[in-house]
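Understanding the architecture of this molecule
Below are the chains, spelled out letter by letter.
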Amino acid sequence: LIGIVAVVMVLAYFMNSTPERKVAADPNLPKTFESLSPEEQKFVVNAYKMANSLYEADDAKVESALSQIESIHKIIPSYKDSKTLEVKFRQTLETIEQKRFVQEELKRQEENRKQVETIIADCTEKFKDSVDLEGAKECLKVAQELDPENTDGQGIITAIESRISQALLEEQKLKEYN
């Protein structure tokens, strides 16, 4: 639960800190589309169409779409809504990266959960009839480090403590009868 809260907090942090990398417009660039040569106009129109097509295709092509918009901005400061698209594409890339981060974090948490489960199962089997309290604590140490809030390992410790208490009581009764 804490892990999921941490992931959400990190995601919120990233969403609130949108770094916008802007391509510096060359002051020597033509200011209007009409002032471009026919070849440049054709390039800009094609790059614009390609950027939109790539963006609509799938998330894996957003970076290429952004590259197309940046290539337009190297020729002309703006074409149609290219500045808006640039911001949109950057935000999409950031969202994709955030999703990837969250997925990796959830995967790591799931791997830890499985590892803790395995450790606890192994320790349960190993110490099911034991009175070796220190051995059990050592066996559970990694599980406790991976998930300090997991209480399943405490059941093993409690069972051993109970067996120790029972053994001491039986020993005490034997001493009283002898």
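Please read all numbers here as calculations on a predicted model, not as lab measurements.

**Section: the overall build of the protein**
- From N to C terminus, the protein includes six helices and zero strands.
- Going from the N terminus to the C terminus, the protein shows its helices and strands as α-α-α-α-α-α.
- Within the protein, the fraction of its 178 residues that count as buried is 28%.
- Put simply, 69% of the contacts in the protein that link residues at least 6 apart link residues at least 24 apart.
- Carbon together with sulfur atoms contributes 56% to the accessible area of the protein, which is approximately 12400 Å² in total.

**A word on the nonpolar core**
- Grouped together as the largest cluster of nonpolar side chains are 18 residues, with contacts concentrated most on Val44, Ala65, Ile69, Ile72, Ile76, Tyr79 and Phe89.
- Mapped onto this core, the elements with two or more residues apiece are helix 2 (38–57), helix 3 (62–75) and helix 4 (82–126).
- Excluding anything up to four places from it in sequence, Val44 contacts Phe33, Leu36, Ile72, Ile75, Ile76 and Tyr79.
- Listed in part, the 12 residues of the second largest apolar core include Ile119, Ile120, Leu140 and Ile156.

**Let's talk about helix 3**
- Helix length check: helix 3, at 14 residues, gives a terminal C-alpha distance of 21 Å against a target of 20 Å (1.5 Å per residue), a fit within 8%.
- Along helix 3, the positions that sit buried rather than exposed are Val62, Ala65, Leu66, Ile69, Glu70, Ser71, Ile72, His73 and Ile75.
- Lining the buried residues of helix 3 we find helix 2 and helix 4.

**Focus on the environment of Cys123**
- Position of Cys123 relative to the elements: it lies in helix 4.
- Through-space distance from the C-alpha of Cys123 to that of Ile156 is 7.8 Å; in sequence the pair is 33 residues apart.
- Setting aside residues up to four positions removed in sequence, Cys123 forms contacts with Cys139, Leu140 and Ile156.

**Here's the deal with the packing of aromatic side chains**
- Counted according to the given criterion, the structure contains three aromatic pairs.
- Geometrically, the ring pair formed by Tyr48 and Tyr79 is edge-to-face, given 5.2 Å between the ring centres and 85° between the ring planes. Here the residue Tyr48 occupies a position in helix 2, and Tyr79 occupies one in the loop between helix 3 and helix 4, the gap between them amounting to 31 residues. Side by side, Tyr48 and Tyr79 carry an identical accessibility label, which is buried.
- Both rings, one in Tyr55 and one in Phe89, keep their centres 4.6 Å apart while their planes meet at 20°; by these two values the pair is stacked. In this pair, Tyr55 sits in helix 2 while Phe89 sits in helix 4, placing the two residues 34 residues apart along the sequence. The two residues Tyr55 and Phe89 agree in class, both being buried.

**Considering the packing of helix 4 against helix 6 (residues 152–177)**
- Taken N-terminus to C-terminus, the directions of helix 4 and helix 6 make an angle of 15°; their axes are 9 Å apart at the nearest point. Between helix 4 and helix 6, the angle falls in the class roughly parallel. In this structure, the crossing between helix 4 and helix 6 has a hand that is left-handed. For the pair formed by helix 4 and helix 6, the contact residues are Ile120, Cys123 and Thr124 on the first element and Asp152, Gly153 and Ile156 on the second.
- Grouping the constituent residues of the contact of helix 4 with helix 6 by class yields three nonpolar, two polar and one charged.

**Points about unusual backbone geometry**
- You will see that Lys80, though not glycine, has its phi angle at about 50°, which is positive.
- Turning to its location among the elements, Lys80 is positioned in the loop between helix 3 and helix 4.
- Residue Lys80 is classed as exposed on the basis of its relative accessible area, which comes to 62%.

Reading the values: rules and limits
- Residues numbered from 1 in each chain as written.
- Predicted model: local features only at pLDDT ≥ 70, side-chain atom pairs only at ≥ 80, totals over all residues.
- Heavy atoms only, no water.
- Helix = DSSP H or I, 4+ residues; strand = E, 2+ residues; numbered from the N terminus.
- Buried < 20%, exposed > 50% of the residue type's maximum accessible area, 1.4 Å probe, protein only.
- Contact = heavy atoms within 4.5 Å.
- Areas by Shrake-Rupley, 256 points an atom, 1.4 Å probe, with all protein chains shown as cover.
- Core = buried A, V, L, I, M, F, W, Y, C linked by side-chain atoms within 4.5 Å.
- Expected span 1.5 Å × (residues − 1).
- Phe/Tyr/Trp six-rings, centres within 6.5 Å; stacked < 30°, edge-to-face > 60°.
- Axes fitted to C-alpha atoms, helices over the stretch in contact; angles between N-to-C directions.
- Parallel < 35°, antiparallel > 145°, perpendicular 65-115°, else oblique.
- Left-handed = near helix turned anticlockwise from the far one by under 90°.
- Nonpolar A, V, L, I, M, F, W, Y, C, P; charged D, E, K, R; others polar.

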